[in-house]
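Structure assessment
Okay, here's what each chain looks like letter by letter:
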Amino acid sequence: MITAGKGTTPQGAASEQEASRWVRGMFGRIAGRYDLLNHLLSFNLDKRWRKHAVNRVADVLQRPNARVLDLCCGTGDVLLALEARAGHSVLGSDFCHPMLVEANRKIAARSFRTPLFEADALSLPLADNSLDLITVAFGFRNLANYERGMKEMLRVLKPGGVAAVLEFSKPTNAAFAALYGFFSTKVLPFVGGLISGSSDAYSYLPESIGKFPGAVDLAAQMRQAGFSQVEFDRLTGGAVALHLARK
């Protein structure tokens, strides 16, 4: 069973509302260094993970008049890749305003006209059955309530629409899992905190990954929420997983 209310749980947050405020504030503090740290701390693998996700949803992007939303779009890397692949505008949404400022800067630099809007992923200002595709890259685990997030994606997707969730996961090889655990709990918080100036943000990252469901469990939760044809690809030894599911 999906646990009601289960979602991200930053230290000190006693409710979903407090968790949401903490996450929004944390991402706001690191927005200016977010891309640099993503590339540095993943050894540039984040670019490969995002490219894989865009390739896997290419068939949906090519649907006539496909309506696409990159949810929790952050600074816009996946958003821009989707738009370039689709050949038409896609929507981008995030609940952290400084992240949208960074995304808008990239959009302007490429002379795109990508529509952005600020909204909580748990309550989207979109009509029922209005989207062909929703992507979420490394943002889903930060939701204050995973079940509500899945239900909201289902609500706004058209029948036959696809949700693509790219997220950190749990390595399947014991030796690699140990190495990954050391890096994420020791190296990542130190380097991330040093460069970003926000040590709590990069302490939260490994904590949130450790609490997030593994690939098999997340797939089961998506099925229970109402998705069908749920499948997933494990990437980089299972450290990351891409889940694809249909309404």
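In what follows, the accompanying structure is described. (Residues numbered from 1 in each chain as written. Predicted model: local features only at pLDDT ≥ 70, side-chain atom pairs only at ≥ 80, totals over all residues. Heavy atoms only, no water.)

Looking at the layout of surface pockets
Volume-wise, the largest pocket comes out at about 570 Å³. Of all the elements in the fold, those that place two or more residues in the lining of the largest pocket are helix H1 (16-30), helix H2 (34-41), helix H3 (45-56), helix H8 (174-196) and helix H9 (199-211). Looking at the lining of the largest pocket, its residues break down into 22 nonpolar, five polar and three charged. (1 Å grid on protein atoms, 1.4 Å probe; cavity = no way out; pocket = protein on both sides within 12 Å on 5 of 7 lines; lining within 4 Å. Points joined across faces, edges and corners; volume = space filled by probe spheres on them. Helix = DSSP H or I, 4+ residues; strand = E, 2+ residues; numbered from the N terminus. Nonpolar A, V, L, I, M, F, W, Y, C, P; charged D, E, K, R; others polar.)

Notes on the nonpolar core
With 46 residues, the main nonpolar core has Phe 27, Leu 61, Leu 82, Leu 166, Phe 168 and Tyr 202 as its most contacted residues. Each residue touching Tyr 202, except ones within four places of it in the same chain, is listed here: Ile 30, Leu 37, Leu 41, Leu 188, Pro 189, Gly 192, Gly 193 and Ser 196. Counting 32 residues, the second-largest nonpolar core is a separate cluster that includes Val 136, Val 165, Ala 219 and Ala 245. (Core = buried A, V, L, I, M, F, W, Y, C linked by side-chain atoms within 4.5 Å. Buried < 20%, exposed > 50% of the residue type's maximum accessible area, 1.4 Å probe, protein only. Contact = heavy atoms within 4.5 Å.)

A look at the packing of aromatic side chains
The relative placement of two aromatic rings is captured by the distance of their centres and the angle of their planes. Counted according to the given criterion, the structure contains 10 aromatic pairs. Ring geometry for Phe 138 against Phe 168: centres 4.8 Å apart, planes inclined by 45°, an arrangement best described as tilted. Taken as a pair, Phe 138 in the loop between strand S4 (131-137) and helix H7 (146-156) and Phe 168 in strand S5 (residues 157-168) lie far apart in primary sequence, 30 residues in all. We note that Phe 138, like Phe 168, is buried. An aromatic cluster of three or more residues is present, and its members are Trp 49, Phe 138 and Phe 168. (Phe/Tyr/Trp six-rings, centres within 6.5 Å; stacked < 30°, edge-to-face > 60°.)

Section: empty space enclosed by the protein
Inspection of every chain in the model, using the stated rule, returns two cavities of 30 Å³ or more. There is about 360 Å³ of room inside the largest cavity. Lining the largest cavity are 31 residues, with Cys 72, Cys 73, Gly 74, Asp 94 and Gly 139 positioned closest to its centre. Broken down by secondary-structure element, the contributors of at least two residues to the lining of the largest cavity are H1, H2, strand S1 (68-71), helix H5 (77-86) and strand S2 (91-94). Class assignment of the residues belonging to the lining of the largest cavity gives a composition of 17 nonpolar, eight polar and six charged. Along the wall of the second largest cavity there are 13 residues; nearest its centre are Ala 53, Val 78, Thr 135, Ala 164 and Leu 166. Mapped by element, the contributors of at least two residues to the lining of the second largest cavity are H3, H5, S4 and S5. The class makeup of the residues in the lining of the second largest cavity is 11 nonpolar, one polar and one charged.

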